[in-house]
Amino acid sequence: MGSPTKETTMIDHRKLGRELELFHSDPLAGAGLPIWLPAGAAARHAVEEYIREEERRAGYQHVYSPPVAKRQLYELSGHLPHFAEDMFPPMRLSADDEFALRPALCPHHALVYRSRGRSYRDLPLRIAELGGMYRAERSGVLGGLSRVRSIWLNDGHIFCPLDRAGEEVAAVLEMIRRAHAALGVRPAGFRLSLHGAGDKYVDNPPMWERTEDVLRGVLKDLGVSYVEAPGEAAFYGPKIDVQVVDVAGREMTLSTVQLDFHQAARFELSYVDRDGARRRPVIVHRSVVGSMERLFAYLIEVHEGAFPAWYAPVQLEVLPVGDVAVERFSRSAIAAGLRAEVSREGTLAARIRDAARRKVPFVAVVGPREATASAVNLRIRDTSDQLLPEPEALAALLARARP
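What counts, and at which threshold
- Residues numbered from 1 in each chain as written.
- Predicted model: local features only at pLDDT ≥ 70, side-chain atom pairs only at ≥ 80, totals over all residues.
- Heavy atoms only, no water.
- Helix = DSSP H or I, 4+ residues; strand = E, 2+ residues; numbered from the N terminus.
- Buried < 20%, exposed > 50% of the residue type's maximum accessible area, 1.4 Å probe, protein only.
- Polar contact = N/O pair within 3.5 Å; in protein donor to acceptor, adjacent residues only side chain to side chain.
- Contact = heavy atoms within 4.5 Å.
- Phe/Tyr/Trp six-rings, centres within 6.5 Å; stacked < 30°, edge-to-face > 60°.
- Lys NZ or Arg CZ within 6 Å of the ring centre and 35° of its normal.

## Re the side chain of Arg 286
1) Next: Mapping Arg 286 onto the fold places it in strand β15 (residues 282–287).
2) Next: Classification of Arg 286 by relative accessible area gives buried; the value is 1%.
3) Next: At 2.8 Å, the side chain of Arg 286 forms a polar contact with the side chain of Glu 55.
4) Next: The contacts of Arg 286, once residues within four sequence positions are left out, are Glu 55, Tyr 60, Asn 154, Asp 155, Gly 156, Ile 158, Val 172, Met 175, Thr 256 and Val 257.

Structure below.
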């Protein structure tokens, strides 16, 4: 890549994060462990709600699982044998009790699957969770939200028969496309990440050949171009990574879908097929938008802090002029689902500038004339002011505040 331009060099999510009070990094909490402030938490919550609803409509069942488990769980999953250098050291509570912070959610979702017997009627079983996991990243590579030790991942696992894996992968890629369009993510291409040499990967050549062929076939059926990247697979299986390019011209992965024969065998997962025989499911690992941290590092920069209205921290700033009453309108906006605030302190010009500085997409000015007419002077980002009756103003705002 060429050198970043002067313009892109100025856009840094860490600087914008401080200015807009989105997140905070405190030495007392520790490097790579960001604290989401109210504004950042509001934006993140809106994105989480959107993703959960998209998953619900697609047939996913949501679960909660703890970010810590006994060491034996990660030995069984293969994370300790293959991924230990990226994990925090185990915590010994007693001679027989040793726990570890999880580096991934898939082992817990395997436990969800095997919590009861399964038949072919249960499949595909789609499990989703926005959960925490932890990676022992070195201090030198940490930075803002883009590289952290505490990771909140939009994760999901689909347990299905082998002959359904291709269509499940294709459906995930379509969900990723829709989510990226809603968020304002600009995809740069697809990467098929394959296994490489060395003991980093599970030693099962037939498994690798089958899983890589399935993913390659999906990409070809979709008619999309992609690059193959040997040595970039997960230790248990190949993956399709959806790549983006940040404002500095750096390529990175936000979303991914992976295919795994390995962990189903390790956890002895099975289902009873139509003929009464027990068969092994395959596992599709997928993340529609990746981790909240990396996603927002990208979104802050690509939107320069001016998020699309549906996940802006504050969507509507109500600015009364003088002592006019605006509580009815602001309460109506909040009751309708908008994130609205009333600002009375300072001159009107100063309050308008402050709303612009904080990237608030909608501003409603209410003076004596507007109050008498039960109307507001509505300014929508990048448009001129418009005098509207309160009900029409709310309707216009709600129409613009959807994904």
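## Some points on the packing of aromatic side chains
How two aromatic rings sit relative to each other is set out by the distance from centre to centre and by the angle between their planes.
1) Next: Applying the stated criterion across every chain, the model contains nine aromatic pairs.
2) Next: Taken together, a centroid distance of 5.1 Å and an interplanar angle of 50° make the contact between Tyr 50 and Trp 310 tilted. Separated by 260 residues along the polypeptide, Tyr 50 in helix α3 (residues 38–57) and Trp 310 in the loop between α10 (292–302) and β16 (316–320) bring together distant segments of the chain. Of the two residues, Tyr 50 and Trp 310, both sit in the buried class.
3) Next: Considering the side-chain rings of Trp 310 and Tyr 311, the 4.7 Å spacing of their centres and the 75° angle between planes classify their relative orientation as edge-to-face.
4) Next: Within the aromatic cluster, the residues linked to one another by ring pairs are Trp 36, Tyr 50, Phe 296, Phe 307, Trp 310 and Tyr 311.
5) Next: For the cation-ring pair, Arg 44 lies above Trp 36, with the distance from its terminal atom to the ring centre recorded as 4.9 Å.
6) Next: A cation sits over an aromatic face here: Arg 118 above Tyr 113, 5.4 Å from the ring centre.

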